[in-house]
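# Structure at a glance
For reference, the chains in residue letters:
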Amino acid sequence: MKKFNTVVLNVTVAILDFLYQGRDIQRFWVLETIARAPYFAFLSVLHLKESLGLRTPEHFILMKEHFEQTVNETEHLEEMERRGGHTAWIDRFFAYHLVLVYYWIMVTYYAVSPRNAYHLNSEVELHASLTYAKYLTMHNDDQKIIDIMNDEIQHYQEMLRNV
């Protein structure tokens, strides 16, 4: 499954690279819109399992971690909105439809194979940090992007603990 995750991610990245050439802030807004979906999906599945009496010893820790990650990604999204990343209707249309698909994929994936869901999300977080790092080569004084990139690296490391 890890190879499948990598292939799917690489295809998705190639599409985003093509669509968002020279539109960094819009790309970041789309990525941050999508970035919250796995954490919402993880929380949904954890809540369902808890409701069914299937709570595990690490359940509360995971719920707390994923909630904090969701809040953090929302802060990133708000930063991209302040920068105007959401102003074009086509970007909103694309991101909102993509996030719906991604959310339900991650709900299913996490319910069936949490380790593989965490692996896919770790790869997404790694890609996000690399995307921000690439942006910073041209805009090295953007402290907010540096902070966001560091958050993405932290999320990547958190996901690796669960793989």
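All chains use their own residue numbering, which begins from 1 and follows the written sequence. It should be noted that, the model being predicted, local features are given only for residues of pLDDT at least 70 and side-chain atom pairs only at 80 or more, the latter also being counted only at that level, while totals for whole chains, interfaces and linings use all residues. Remark: hydrogens and water are excluded; side-chain values derive from all non-hydrogen atoms of the structure.

For Phe, Tyr and Trp, where Trp contributes only its six-membered ring, two rings pair if their centres lie within 6.5 Å, and the inter-plane angle classes them as stacked under 30 degrees, edge-to-face over 60, or tilted in between. Using the criterion set out here, one finds 10 aromatic pairs in the structure. A centroid spacing of 6.3 Å and a plane angle of 40 degrees characterise the contact between Y20 and F94, whose relative ring orientation is tilted. Placement of the pair is Y20 in the loop between α1 (2-19) and α2 (24-35) and F94 in helix α5 (residues 89-112), with a sequence separation of 74 residues. When accessible area is computed with a 1.4 Å probe and restricted to protein chains, residues below 20% of their type maximum are described as buried, those above 50% as exposed, and intermediate ones as partly exposed. Taking the relative accessible area as the measure of exposure, F94 reaches 24% and is therefore partly exposed. With a centroid separation of 5.2 Å and 80 degrees between ring planes, the pair formed by F28 and Y135 is classed as edge-to-face. Separated by 107 residues along the polypeptide, F28 in helix α2 and Y135 in helix α6 (residues 114-138) bring together distant segments of the chain. Counting from the N terminus, the helices are DSSP H or I runs at least four residues long and the strands are E runs at least two residues long.

So, about the packing of helix α3 (residues 37-51) against helix α4 (residues 59-82). The axes are straight lines fitted to the C-alpha atoms, using for helices just the contacting stretch, and the angles between their N-to-C directions are given from 0 to 180°. Between α3 and α4, whose axes approach to 9 Å, the crossing angle comes to 150 degrees. In this view, α3 runs roughly antiparallel relative to α4, as classed from their interaxial angle. You can see that α3 and α4 cross each other, and the crossing is left-handed. Here Y39, F40, F42, L43, L46, K49 and E50 of α3 lie close against α4, whose contacting residues are H59, L62, M63, H66, F67, Q69, T70 and E73. Polar here means any residue other than Ala, Val, Leu, Ile, Met, Phe, Trp, Tyr, Cys and Pro, which are nonpolar, and Asp, Glu, Lys and Arg, which are charged; Gly is therefore polar. Class assignment of the residues belonging to the contact of α3 with α4 gives a composition of 8 nonpolar, 4 polar and 3 charged. Here the word oblique covers every angle except those under 35 degrees (roughly parallel), over 145 (roughly antiparallel) and from 65 to 115 (roughly perpendicular). Working rule for handedness: look at the near helix, and if it is turned counterclockwise from the far one by less than a right angle, call the crossing left-handed; if clockwise, right-handed. Contact criterion: two residues are considered in contact whenever any of their non-hydrogen atoms come within 4.5 Å of each other.

Another point: the environment of Y110. Examined against the element boundaries, Y110 turns out to sit in helix α5. Spatially, the C-alpha atom of Y110 lies 7.6 Å from that of A41, the residues being 69 residues apart in sequence. Non-local contacts of Y110, meaning those with residues more than four positions away in its chain, are made with F42, V45, L46, L62, H66, A117 and Y118.

Glancing now at α1. For α1, with 18 residues, the first-to-last C-alpha span of 26 Å sits near the 26 Å given by 1.5 Å per residue. Every buried residue belonging to α1 is among N5, L9, V13 and L16, and all of these are buried. For α1, the angular spread of the buried residues around the axis is 65 degrees, confining them to a single face. Of the exposed residues in α1, the ones pointing more than 90 degrees away from its buried face are K3, F4 and F18. At its buried positions, α1 is contacted by α2, α5 and α6. The span one expects for a helix is its residue count, reduced by one, times 1.5 Å. The directions considered for the arc run from the helix axis to the C-beta atoms.

As a per-residue quantity, pLDDT reports the predictor's confidence and falls between 0 and 100. Chain-level pLDDT for the protein chain is 91 on average; 99% of the residues reach the 70-or-more range. Here helix α7 (residues 143-162) stands out as the element of the protein chain with the lowest mean pLDDT, 86, in contrast to α3, whose mean of 96 is the highest.

What follows concerns the environment of S44. Relative to the helices and strands, S44 resides in helix α3. Measuring from C-alpha to C-alpha, the distance between S44 and R55 comes to 13 Å, with 11 residues separating the pair along the chain. Side-chain atoms alone can form a polar contact between residues adjacent in sequence; in general such a contact is a pair of N or O atoms within 3.5 Å, and within protein one must be able to donate a hydrogen while the other accepts it. Side-chain polar atoms of S44 contact the side chain of Y103, separated by 2.8 Å.

Patches here: salt-bridge-free residues with over 30% relative accessible area, like charges joined within 9 Å, nonpolar side chains (Val, Leu, Ile, Met, Phe, Trp, Tyr) joined within 5 Å. Surface accessibility follows the Shrake-Rupley procedure with a 1.4 Å probe radius. Residue values consider only the protein chains on display as shielding. For salt bridges, the criterion is a side-chain nitrogen of Lys or Arg within 4 Å of an Asp or Glu carboxyl oxygen. Taken together, V7, V11, I15, F18 and L19 make up a surface patch of nonpolar side chains, about 470 Å² in accessible area. Residue placement: V7 occurs in helix α1. Taking the relative accessible area as the measure of exposure, V7 reaches 46% and is therefore partly exposed.

Close contact between α2 and α5 brings their axes to 9 Å; oriented N to C, the two are set at 25 degrees. As the angle between them shows, α2 and α5 are arranged roughly parallel. Seen along the crossing, α2 lies across α5 with a hand that is right-handed. Side by side, α2 and α5 meet where Q26, W29, V30, T33 and I34 of the first sit next to D91, R92, F94, A95, Y96, L98, V99 and Y102 of the second.

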